[in-house]
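Structural characterization, general
Each chain, letter by letter, is given below.
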Amino acid sequence: MEACKNEKIMLVRQSKNTFIRLYFGKGYISNQLTRFDRIYNETGADFLSEISRVPQNVDSILDRLQELYGESISIESLKNEFLSFIDELVQAKFLVVGDSIEELDENDLDFSYAMENPKTMINDFTQHSNEVLDENTQNMMLEATHRMPRLNGIQFELTSRCNERCIHCYIPNSKKNSGGDMSLEKVKCIIDEFANNGGLQVTLSGGEVFLHKDIIPIIKYCREKDLVITILSNLIALKDYQIPFLKQYNVSSVQVSLYSMDAAVHDYITTVKGSFEKTKSAIEKLVKADVPLVISCPMMKANYKGYKDVLKYAQSIRCKVNVDVIMMAQANLDTNNLANRLSVEESGEVIKDIIENNADYRNAISEMASFSSLMYANRENFVKLPLCGAGINDCCIAENGDVYPCAGWQDMVVGNVYKQSLKEIWDSSEKLKTIRAVTQGDFPQCLECEAQDYCSRCLVRNYNESNGDMFNLNKHFCDVAFLNKQIVEEYIASHKA
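Residues numbered from 1 in each chain as written. Predicted model: local features only at pLDDT ≥ 70, side-chain atom pairs only at ≥ 80, totals over all residues. Heavy atoms only, no water.

Notes on the overall build of the protein chain
Looking only at helices and strands, the protein chain has 21 helices and 15 strands in total. The C-alpha radius of gyration computed for the protein chain amounts to 23 Å, which stays within 12% of the reference 23 Å derived for 497 residues, consistent with globular compactness. If you line up the protein chain on its principal axes, its C-alpha atoms span 70 × 55 × 55 Å. With 497 residues in all, the protein chain has 54% of them scored as buried. Pairs at least 24 apart in sequence give 70% of the contacts found in the protein chain among residues at least 6 apart. Total accessible area on the protein chain is roughly 22200 Å²; 49% of this is exposed by carbon and sulfur atoms. (Helix = DSSP H or I, 4+ residues; strand = E, 2+ residues; numbered from the N terminus. Rg over C-alpha atoms; globule rule 2.2 N^0.38 Å. Buried < 20%, exposed > 50% of the residue type's maximum accessible area, 1.4 Å probe, protein only. Contact = heavy atoms within 4.5 Å. Areas by Shrake-Rupley, 256 points an atom, 1.4 Å probe, with all protein chains shown as cover.)

Shown next, in the form of structure tokens:
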């Protein structure tokens, strides 16, 4: 459909894949289909606040805006500005317009693997707009929430029970062996509080999330609360009857671990015989049902030579692959699982395979905004920024009610939702305040590091691997970062026109 400047177009609403929130006087809009987002100030925020999932007549919105602005702007100017704003968001798939509800529905898009580029991962936070907007939404949100922490996302471990015992997992087996589930009633209570306070993203996990008997009602409830829904699962407990609900409730993505295309290797890592066939079968059923899927393939000694086979398989079914060569120690500070970690040299082999065979990674390299350029553009501001959003704009909630800064930081319990409200924990936890005080400036050696664009520096990785010291940088992380930098630069140099 042509731009909504067409006077015949009367109705507008956000698309089914678009989410709108108002934060710190700014309007935030994101789309889980295109994986783009934008932040608007002042007038743009006012415009966004008038748009919802309910179809509305454009003239009715203009009447309300005219009442808001009074005589500070003419009716004609306001109309032109608003229609231009709507038009750009329609072209970017954030909004849909039409003359009837049926036409709105017809113009809305569903995720499909038949799309030209079925996106399931966010690689680029640069705002694409004709308007003058801040360049990077991720940096903006992190800076804003660091000044005033706001809970935008939660990872919800609905159950601690798991049907696999993966050799590299950061969750100790003892927790899985004695695991339980959070009740549906308690989950709803927490989701209510989270949503009522402006929360946006919920990641449902475990343990193994599909072992929870109420997983589908929970997903349905998250959809009713207008949340972006991500699911982490090994899929071997997924039932066929559940798959249509994942499509119906419009989950943003399902992330599944597939370690190798060699069944024996995959099953060795999960320690569950037959897990490869069950996971692969479930993957293909989800793809057939057009459920957005991301394949996670953590690299370790047992499987690193098979990355290309996993990537080739994923490409054959049009899925994205997420790879990590830096393994995390266990959340109880036990480092025995790191016996499976790749050496620096083995990590280099995987990085070479990734850059040579994964076009998504090559595109990310060519498009990414340089970490160091951000620092040198405004060093005084940069040193005050946090390393990540853990405890600043997101946290993790376990089935027993414990709250952590992030999923891997389970030795750092900051509160319990059976004893306090989530808001009380978020606002008053002294441990969270301590974490929020940590900034880039607390790592002076990293500020001058040439490999910072390629660094996997992470407070919880430091913490779990260094007996609770979040400031202790492991040399292994640094060595892998420098090797990654070398490999990327050599690749770019060898492929220059």
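After that view, the rundown keeps rolling.
Observations concerning the packing of aromatic side chains
Under the definition given, this model contains eight aromatic pairs. In textbook terms, an aromatic cluster arises when at least three aromatic residues are bridged by ring pairs, as seen for Tyr 40, Phe 47, Phe 82 and Phe 85. Between the NZ or CZ atom of Arg 436 and the centre of the ring of Trp 426, over which it lies, the distance is 4.6 Å. Sitting above the plane of the Phe 443 ring, Arg 457 keeps its charged end 5.4 Å from the centroid. (Phe/Tyr/Trp six-rings, centres within 6.5 Å; stacked < 30°, edge-to-face > 60°. Lys NZ or Arg CZ within 6 Å of the ring centre and 35° of its normal.)

Considering the sheet that holds strand β5 (residues 56-57)
In spatial order, the strands read β5-β1-β6; together these three strands make up an open sheet with antiparallel pairing. If you trace the sheet from one side to the other, it starts and ends with β5 and β6 (95-98), each paired once. Across four bridges, the pairing between strand β1 (residues 11-14) and β6 is antiparallel. The partner of Val 12 across the bridge, within β6, is Val 97. (Pairing = 2+ DSSP bridges.)

Section: the nonpolar core
Among the nonpolar cores identified, the biggest contains 94 residues, and Phe 156 and Leu 246 are the most heavily contacted of them. When near neighbours in sequence (up to four residues on either side) are disregarded, Leu 246 contacts Phe 210, Ile 216, Ile 219, Ile 231, Leu 238, Val 251, Val 254, Leu 286 and Val 291. (Core = buried A, V, L, I, M, F, W, Y, C linked by side-chain atoms within 4.5 Å.)

A closer look at the environment of Asn 378
With respect to the helices and strands, Asn 378 occurs in the loop between α15 (371-377) and α16 (379-382). Taking relative accessible area as the criterion, Asn 378 reaches 39% and is therefore assigned partly exposed. Sequence separation between Asn 378 and Met 140 is 238 residues, and the spatial gap between their C-alpha atoms is 14 Å.

With respect to the pairing of strand β4 (residues 36-40)
Side chains on a regular strand alternate between the two faces of the sheet. Judged by how many residues are buried, β4 sits mostly within the fold: four of five residues are covered. When strand β3 (residues 26-31) meets β4, the two strands line up antiparallel, connected through five bridges. By the bridge assignment, Ser 30 is partnered in β4 with Asp 37.

As for the environment of Ser 257
Its place among the elements puts Ser 257 in strand β10 (residues 253-257). Along the sequence, Ser 257 and Thr 279 sit 22 residues apart, while their C-alpha atoms lie 8.3 Å from each other.

Let's talk about helix α7 (residues 184-196)
The end-to-end C-alpha separation of α7 is 18 Å, in line with the 18 Å expected for 13 residues at 1.5 Å each. When we look at burial in α7, the residues that qualify are Leu 184, Lys 186, Val 187, Ile 190, Ile 191, Phe 194 and Ala 195. Buried residues of α7, viewed axially, fall in a sector of 165 degrees; they line one side. When the buried face of α7 is taken as reference, the exposed residues oriented beyond 90 degrees from it are Glu 185 and Asn 196. The elements touched by buried residues of α7 are β7 (153-157), β8 (201-205), α8 (215-224), β13 (394-397) and α17 (422-428). Count one or two residues on from α7 and you reach Gly 198, which has phi positive near 90 degrees. (Expected span 1.5 Å × (residues − 1). Arc of directions from axis to C-beta.)

Digging into the pairing of strand β11 (residues 293-298)
Within β11, six of the six residues are buried, leaving the element largely enclosed by the surrounding structure. Of the two faces of β11, both are covered, the one formed by Leu 293, Ile 295 and Cys 297 as well as the one formed by Val 294, Ser 296 and Pro 298. For β10 and β11, the ladder comprises four bridges, and the chain directions are parallel. Looking at β11, one finds that Ser 257 is bridged to Ser 296. Bridge analysis of β11 against strand β12 (residues 320-324) gives five bridges, and the strand direction is parallel. Each residue of the ladder has a partner; that of Pro 298, found in β12, is Asp 324.

Brief notes about the packing of α7 against α8
Each pair of packed helices gets described by two things: the angle between the helix axes and the distance between those axes. Packing of α7 against α8 brings their axes to within 11 Å, and their N-to-C directions diverge by 20 degrees. In terms of orientation, α7 lies roughly parallel with respect to α8. Read as a crossing pair, α7 and α8 show a hand that is right-handed. Listed contacts from α8 to Leu 184, Val 187, Lys 188, Ile 191 and Asp 192 of α7 are Pro 217, Ile 218, Tyr 221 and Cys 222. Residue composition of the contact of α7 with α8, grouped by class: seven nonpolar, no polar and two charged. (Axes fitted to C-alpha atoms, helices over the stretch in contact; angles between N-to-C directions. Parallel < 35°, antiparallel > 145°, perpendicular 65-115°, else oblique. Left-handed = near helix turned anticlockwise from the far one by under 90°. Nonpolar A, V, L, I, M, F, W, Y, C, P; charged D, E, K, R; others polar.)

Quick word on the side chain of Lys 176
Inspection of the secondary structure assignment puts Lys 176 in helix α6 (residues 173-177). For Lys 176, which is buried and forms no salt bridge, the nearest opposite charge comes from Glu 164, at a distance of 8.0 Å. Apart from the residues within four sequence positions on either side, Lys 176 is in contact with Ser 160, Arg 161, Cys 162, Glu 164, Arg 165, Cys 166, Cys 169 and Ile 171. (Lys, Arg positive; Asp, Glu negative; His and termini not counted. Salt bridge = Lys/Arg side-chain N within 4 Å of Asp/Glu carboxyl O.)

Things to note about the pattern of salt bridges
Inspection of the entire model under this criterion finds 24 salt bridges. Put simply, Arg 21 and Asp 226 hold a salt bridge, and the shortest N to O gap is 3.7 Å. Placement of the pair is Arg 21 in strand β2 (residues 18-23) and Asp 226 in the loop between α8 and β9 (228-233), with a sequence separation of 205 residues. Per residue, the accessibility class of Arg 21 equals that of Asp 226, and both read buried. With its nearest N and O atoms 3.2 Å apart, the salt bridge here joins Arg 38 to Glu 88. Taken together, the residues span a long stretch of sequence, with Arg 38 in strand β4 and Glu 88 in helix α3 (residues 75-91) at a distance of 50 residues. This pair shows no difference in class: Arg 38 is buried, exactly as Glu 88 is.

Details of the sheet that holds β2
The strand order β2-β3-β4 describes an open sheet built from three strands, whose pairing is antiparallel. In this open sheet, the two edge strands, each paired with only one partner strand, are β2 and β4. Strand-to-strand twist of the sheet, defined as the mean angle between neighbouring strand axes without regard to direction, takes the value 15 degrees. Against the sheet, helix α1 (residues 42-49) engages β2, β3 and β4, with an angle of about 60 degrees to β3.

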